[in-house]
Amino acid sequence: MMSTVMNSADLRPVRIPGYDGGPLTHQPGLLDEPLFWLGHLSSCAHSEEGEELLFGADYDAADDYQRRLWERAEWPTFTVPLTADHHLHVVYRTFTDDTGIDYLLHHRGWDRAELLARDDGHFMGPGLSWPELVAAADNTLPGGSTSDPHARLLLLLPAFGDDDVPDNAVGRLTDALRARTSVEDPEPLASVLLEGQGAPGPARWTTAGHGFSVNNGEYSFRNPSNRFALPADRAARVATALAP
């Protein structure tokens, strides 16, 4: 079965081949709600310090907001456009006993979307390096759920894992947190989030010997050493689509 997501502009179904579940619904308005981001980024806050910096006095409100979000019958879905008509889809999977967030990459010429990362109790990833994350956030391409680079950066952050982030990464994430959330101390929070990163944690990215970007993450589909890794041809097209 193929899932569908409704485009807010024309309400025509847009299919995500190979991805089951739903109904998927385009809900960009959620990205304007500060409490949404607290729950969305929670898997990146691995320590007590990180949780305190992220939630602060809003812990109970954020918990209630997330509970109501996961109880929805529909699956909130967000899209980030990439070059050459590729798209990253972020899907809130609201199955009663299997909630989670799926990060998928697709092109209309592909027969199926590629699952890059999964943010749940059985997490998988990372699916994005820091350069890939920033390139997706900053490409200024129209369409999708938001054109705001800060929102795009935060939306994709849980799918990211990279043990070689640049010196300006903290400043970049701080700006996004300040613009889209109501956290009191965005700079120390940015430092903590970049230290812990998504649920799978950091990974080392290389191209040597493969000709395309791969990582060494124990839970990553983009680590060719894993038994569940993407086949080489599909891993290559993923890397090409995400290339900065």
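What you are looking at is a predicted structure, and each value in this text was computed from that prediction instead of being measured. Position numbers for residues count from 1 along each chain, tracking the sequence in the order it is written. Reporting of local features is limited, given that this is a predicted model, to residues whose pLDDT is at least 70; pairs of side-chain atoms are given and counted only at 80 or more, and all residues count toward the totals for whole chains, interfaces and linings. To obtain the side-chain values, all non-hydrogen atoms of the structure were used and water was disregarded.

**Q** Explain the overall build of the protein chain to me, please; I cannot follow it from the model alone.
**A** Tallying secondary structure elements over the protein chain gives 8 helices and 9 strands in all. Here the protein chain has a C-alpha radius of gyration of 17 Å; the compact-globule value for 244 residues is 18 Å, and the two agree. For the protein chain, the spread of C-alpha atoms along the three principal axes comes to 50 × 40 × 35 Å. Out of the 244 residues belonging to the protein chain, those deemed buried represent 51%. Contacts: residue pairs with any heavy atoms within 4.5 Å of one another. Relative to all contacts within the protein chain whose residues are 6 or more apart in sequence, the contacts with residues 24 or more apart total 54%. All accessible-area figures derive from a Shrake-Rupley calculation using a 1.4 Å probe, and residue coverage is judged against the displayed protein chains alone. Accessible surface, the protein chain as shown: approximately 11,200 Å² in total, 49% of it carbon and sulfur. Within the protein chain, the 36 negative side-chain charges are centred at a point lying 10 Å from the centre of the 18 positive side-chain charges. A run of H or I in DSSP counts as a helix once it spans at least four residues, and a run of E counts as a strand once it spans at least two, with each numbered from the N terminus. With the radius of gyration taken over C-alpha atoms, the globule rule is written as 2.2 Å times the number of residues to the power 0.38. Accessible area is worked out with a 1.4 Å probe on protein chains only. A residue is then buried under 20% of its type maximum, exposed over 50%, and partly exposed in between. Residues scored as charged are limited to Lys and Arg (positive) and Asp and Glu (negative), so that His and the chain ends carry no count. Here the site of a charge means NZ on Lys, CZ on Arg, CG on Asp, or CD on Glu.

**Q** In this structure, what is going on with helix α3 (residues 59-70)? I would like to understand it.
**A** Residues separated by three or four positions in an α-helix point in the same direction, a consequence of the helix having 3.6 residues per turn. One less than the residue count of a helix, multiplied by 1.5 Å, gives the span that helix is expected to have. The terminal C-alpha atoms of α3, which comprises 12 residues, lie 16 Å apart, in line with the 16 Å expected from a rise of 1.5 Å per residue. For α3, the full list of buried residues reads Ala-62, Tyr-65, Gln-66 and Leu-69. Taken end-on, α3 shows its buried residues confined to a sector of 95 degrees, consistent with a single buried face. Where α3 is buried, its residues meet α1 (34-40), α2 (48-55), β4 (75-81) and β5 (86-95). By construction, the arc corresponds to the directions joining the helix axis to the C-beta atoms.

**Q** Explain the pairing of strand β7 (residues 114-119) here, please?
**A** Where a strand is regular, its side chains alternate between the two sheet faces. Each pair of strands is called paired provided DSSP finds at least two bridges between the two strands. Sheet topology note: the strand β6 (residues 98-107)/β7 ladder contains 5 bridges and is antiparallel. Across the sheet, residue Tyr-103 finds its bridge partner in β7, namely Ala-117. Linking β6 back to β7 in an antiparallel pair, the connection comprises 6 residues.

**Q** So what exactly am I meant to see when it comes to the pairing of β4 here?
**A** Across the 7 residues that make up β4, a large majority, 7, are buried. Residues of β4 alternate between two faces, with Trp-75, Thr-77, Thr-79 and Pro-81 on one and Pro-76, Phe-78 and Val-80 on the opposite face, all of them buried. Direction of pairing for strand β3 (residues 24-26) relative to β4: parallel, over a ladder of 3 bridges. Its bridge partner being in β4, Leu-24 is matched across the sheet by Trp-75. Pairing analysis gives 5 bridges linking β4 to β5, with the strands arranged antiparallel.

**Q** Even after reading the chapter, I still don't get unusual backbone geometry, so can you show me in this structure?
**A** Note: most peptide bonds trans; most residues except glycine with negative phi. Note the cis peptide between Gly-22 and Pro-23, where omega equals 15 degrees. In this fold, Pro-23 is placed in the loop between β2 (13-16) and β3. Gly-125 connects to Pro-126 through a cis peptide bond whose omega is 5 degrees. Looking at the element boundaries, Pro-126 is found in the loop between β7 and α4 (130-138). Phi is positive for Asp-85, close to 70 degrees, though the residue is something other than glycine. Locating Asp-85 in the fold gives a position in the loop between β4 and β5. Exposure remark for Asp-85: the relative accessible area of 30% places this residue in the partly exposed category. For Thr-140, which is not glycine, the phi dihedral falls at a positive 60 degrees.

**Q** Honestly, the confidence of the model for the protein chain in this entry has me stumped. Any pointers?
**A** Predicted coordinates in areas of low pLDDT are best not read in detail. On average, residues of the protein chain score 92 in pLDDT, and 94% of them reach the 70 mark or higher. Contacts from residues 8-13, a stretch scored under 50 in pLDDT, to residues over four places away or in other chains number 8 contacts. pLDDT is a per-residue confidence score from the predictor, ranging from 0 to 100.

**Q** It is not clear to me how the packing of aromatic side chains should be interpreted in this structure. Could you clarify?
**A** Each Phe, Tyr or Trp ring, with Trp reduced to its six-membered ring, pairs with another whose centre is within 6.5 Å; inter-plane angles below 30 degrees give stacked pairs, above 60 give edge-to-face pairs, and intermediate values give tilted ones. Across all of its chains, the model carries 11 aromatic pairs by this definition. Summarising the aromatic geometry, the rings of Phe-221 and Phe-228 are spaced 5.9 Å apart at their centres and angled 80 degrees between planes, so their arrangement reads as edge-to-face. A ring has a charge above it when a Lys NZ or an Arg CZ is no more than 6 Å from the ring centre and no more than 35 degrees off the ring normal. Geometry around Trp-110 places Arg-237 over its ring, the cationic atom sitting 4.1 Å from the centre.

**Q** Help me understand the environment of Asn-139, please; the structure alone is not making it clear to me.
**A** Of note, Asn-139 is situated in the loop between α4 and α5 (149-156). A sequence separation of 65 residues divides Asn-139 from Glu-74, and the C-alpha atoms of the two residues are 29 Å apart. Leave out the neighbours within four places in its chain, and Asn-139 touches Pro-81, Leu-82 and Arg-152. Contacts described as polar in this section are N or O atom pairs within 3.5 Å, which, within protein, must combine one atom able to donate a hydrogen with one able to accept it, while residues neighboring in sequence count only if both atoms come from side chains. Engagement of the side chain of Asn-139 in a polar contact is seen with the backbone nitrogen of Leu-141, the distance being 2.9 Å.

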